[in-house]
Amino acid sequence: MNPLLRLLAENRGIGNFVVENAEDEATIFLYDAVVSDSYWGGVSALDFVKELHAIKSPVIHLRINCPGGEGFAGRAMATAIREHPSTVVAHVDGYAASAASWIALSCDEVRISAGGYFMIHKAMTVAWGNADEFKKQAGLLDKMDATLVEGYVVATGQSPEKIAEWMAEETWFNAEESVRYGFADS
């Protein structure tokens with residue numbers, strides 16, 4: 001069995017995706033990896049978006065402790081948050097890494113715990129095939145990186161060059177740095 005699939009299978013159900021929906025405020029706990037299909041575990045974009053759309057309270061607290069995961073699934077979740085009529089407040093309880101950073105930044109407000117972290121990096125993939133397939137994948141990764149840079153620039157106010165540099169280095173920002181560089185409001 002593929003080592004990644006084996007790891008996912010062994011960790012199936014370990015993380016948490018819980019929604020507490022109250023009339024005045026709701027809370028979503030995103031304490032697992034972001035995936036396109038939750039069969040092996042993690043939080044799928046479909047499950048997340050369905051739960052989010054069911055919430056009618058005016059304020060939603062999104063509590064995040066997430067390693068990130070699949071880029072397109074993360075994008076779908078972030079889009080659903082931006083389009084939701086409620087005020088969504090992200091609380092980075094542990095970390096918002098990779099795709100989870102976009103999810104946090106899509107919220108109306110971002111709060112990070114004293115020991116919390118943001119992490120950004122260049123897009124990654126697993127590929128197989130001939131040289132032509134690898135070239136196609138490299139082209140897609142370049143397009144994704146450009147989109148990521150653009151999104152982080154808009155969210156943080158940092159320069160495209162600085163964001164690209166941080167992504168290339170896989171940069172981890174502690175709470176103080178997250179606020180200083182615009183990833184978190186407080």
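Everything below is about the structure shown above.
Residues numbered from 1 in each chain as written. Predicted model: local features only at pLDDT ≥ 70, side-chain atom pairs only at ≥ 80, totals over all residues. Heavy atoms only, no water.

Peer 1: A description of helix H2 (residues 45-54) should follow, citing residues and the corresponding values.
Peer 2: Those residues of H2 lying buried are Ala45, Phe48 and Leu52. Down the axis of H2, the buried side of the element spans an arc of 70 degrees, and every buried residue falls inside it. Residues of H2 that are exposed and point more than 90 degrees away from the buried face comprise Leu46 and Lys50. (Buried < 20%, exposed > 50% of the residue type's maximum accessible area, 1.4 Å probe, protein only. Helix = DSSP H or I, 4+ residues; strand = E, 2+ residues; numbered from the N terminus. Arc of directions from axis to C-beta.)

Peer 1: Tell me about the packing of aromatic side chains, and please be specific about residues and values.
Peer 2: In this structure the tally under the stated criterion is 11 aromatic pairs. Plain terms: the ring middles of Tyr117 and Trp172 are 6.3 Å apart, the flat faces sit at 70 degrees to each other, and that makes the pair edge-to-face. In this pair, Tyr117 sits in strand S8 (residues 117-120) while Trp172 sits in strand S9 (residues 171-174), placing the two residues 55 residues apart along the sequence. With relative accessibility at 40%, the residue Trp172 sits in the partly exposed group. When the ring of Trp166 is compared with that of Phe183, the centres are 6.3 Å apart and the planes differ by 55 degrees; the resulting orientation is tilted. On the criterion of sequence distance, the pair formed by Trp166 in helix H6 (residues 160-169) and Phe183 in the segment after helix H7 (175-180) is long-range, its members being 17 residues apart. Residue class for Phe183 comes out buried when judged on its relative accessible area of 1%. Joined through ring pairs, the aromatic side chains of Phe118, Tyr152, Trp166, Phe173, Tyr181 and Phe183 make up one cluster. We note Arg75 situated over the ring of Trp102; from NZ or CZ to the ring centre the distance is 4.6 Å. (Phe/Tyr/Trp six-rings, centres within 6.5 Å; stacked < 30°, edge-to-face > 60°. Lys NZ or Arg CZ within 6 Å of the ring centre and 35° of its normal.)

Peer 1: Which residues make up the pairing of strand S5 (residues 59-66), and what values go with them?
Peer 2: Remember that side chains alternate between the two faces of the sheet whenever the strand is regular. Bridge analysis of strand S2 (residues 25-31) against S5 gives six bridges, and the strand direction is parallel. Looking at the pairing, Glu25 lines up with Val59 of S5. Of the strand pairs in this sheet, S5 and strand S6 (residues 87-97) are connected by seven bridges, and their pairing is parallel. Bridged to Ile60 within S6 is Val88. At this point the chain moves from S5, through helix H3 (residues 71-83), to the parallel S6, and the crossover so formed is right-handed. (Pairing = 2+ DSSP bridges. Right-handed = clockwise from strand over helix to strand, strands pointing away.)

Interpretation in functional terms is not warranted from these geometric data alone.
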